[in-house]
Amino acid sequence: MNPEREAGRTSPGLMEPLQTEHKREMSDEEKEEEPGLLMKPIKKLDVNSYATRKTIAMGLLNIALMIANIEKTKSIIQKGSKQQQFYFFIISLLVLVILIQIGLAFLLLFVGKMNLNNKTRHSKLDLWNNTAILLIVLITVMQIFASSFAGSSGAA
């Protein structure tokens, strides 16, 4: 065998040096040129923080919908039962939706304060989260009925 090839030097017939078993350390200049070496590592996702933010966002959307329902109820009350065909049904439905939304807001506050990192509470959190989802679906269906029965009278 050729001793130059074993030492990692180039031979006249080869264009690249042969790799040796030992890797050399990168200089500081080479590290600065390498884009990924100076970047900070990405922090691991904090599931508890993420879930809390998501719950707060759901609560804020719930409040916005509740304000819209209060405005809709106010509009229907101002028009009166003579101008609205399903007046009592719509008012009852909207009041019920607002009450469920208030309960949902408290439920979301309760769920948002719980710690996801505590594994003993996972089953309770899952139950409360499923209850919140069920209430949201119920509110959505009731909203559809209220808007459908309010019709094109401008109250919906």
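Report follows, based on the coordinates. Please read these numbers as outputs of a predicted model, since none were measured by experiment. Every chain is numbered independently, its residues counted from 1 as its sequence is written. With the structure being a predicted model, the display of local features is reserved for residues of pLDDT at least 70 and the display and counting of side-chain atom pairs for 80 or more, all residues being used for whole-chain, interface and lining totals. Working from all heavy atoms in the structure, the side-chain values ignore hydrogens and water.

### Describing the overall build of the protein chain
From N to C terminus, the protein chain includes five helices and zero strands. Labels follow the DSSP assignment, with helices taken as runs of H or I lasting at least four residues and strands as runs of E lasting at least two, numbered in each case from the N terminus. For the protein chain, the N- to C-terminal ordering of α and β elements is α-α-α-α-α. For every residue, the accessible area obtained with a 1.4 Å probe (protein chains only) is divided by the maximum for its type, and the residue is called buried under 20%, exposed over 50%, and partly exposed between those limits. Residues counted as buried form 24% of the 156 residues belonging to the protein chain. Contacts are assigned to residue pairs that have any heavy atoms within 4.5 Å of one another. Taking the contacts inside the protein chain whose residues are at least 6 apart along the sequence as the reference set, 63% of them involve residues at least 24 apart. Surface accessibility in these figures is a Shrake-Rupley result with a 1.4 Å probe; residues are shielded only by whichever protein chains are displayed. Summed over all atoms, the accessible surface of the protein chain reaches about 12,300 Å², with 62% contributed by carbon and sulfur.

### Quick look at a nonpolar patch on the surface
Patch membership is restricted to residues that have no salt bridge and whose relative accessible area is over 30%. Joining uses 9 Å for like charges and 5 Å for the nonpolar side chains Val, Leu, Ile, Met, Phe, Trp and Tyr. The term salt bridge refers to a side-chain nitrogen of Lys or Arg lying within 4 Å of a carboxyl oxygen of Asp or Glu. A contiguous nonpolar surface patch, about 480 Å² in accessible area, is contributed by Val95, Leu99, Ile102, Phe106 and Leu109. Considering the arrangement of structural elements, one finds Leu109 in helix H4 (residues 87-113).

### Regarding the packing of aromatic side chains
How two aromatic rings sit relative to each other is given by the distance of their centres and the angle of their planes. We call Phe, Tyr and Trp rings a pair once their centres come within 6.5 Å, taking the six-membered ring for Trp, and we label the pair stacked below 30 degrees between planes, edge-to-face above 60, and tilted otherwise. In total, this model carries five aromatic pairs according to the counting rule given. With 4.9 Å between their ring centres and 80 degrees between their planes, Phe86 and Phe149 make a pair best called edge-to-face. Pair noted here: Phe86 is in the loop between helix H3 (47-79) and H4 and Phe149 is in helix H5 (residues 122-150), with a separation of 63 residues, a long-range link. Judged by relative accessible area, Phe149 falls into the partly exposed class, the value being 29%. With a centroid separation of 5.5 Å and an interplanar angle of 80 degrees, the aromatic rings of Phe110 and Trp128 are classed as edge-to-face. Of this pair, Phe110 sits in helix H4 while Trp128 sits in helix H5, placing them 18 residues apart in sequence.

### Side note on H5
Every α-helix carries 3.6 residues per turn, so stepping three or four residues along brings you back to the same face. An expected span of 1.5 Å times one less than the residue number is assigned to each helix. Taking 1.5 Å of rise per residue, the 29 residues of H5 would be expected to cover 42 Å, and the 41 Å separating its terminal C-alpha atoms lies within 8% of that figure. Among the residues of H5, Leu125, Ala132, Ile139, Met142, Gln143, Ala146 and Ala150 are the ones counted as buried. At its buried positions, H5 is contacted by H3 and H4.

### Quick look at the environment of Ser49
Relative to the elements of secondary structure, Ser49 occurs in helix H3. Classification of Ser49 by relative accessible area gives partly exposed; the value is 23%. Residues Ser49 and Gly112 lie 63 residues apart in sequence; the distance between their C-alpha atoms is 9.4 Å.

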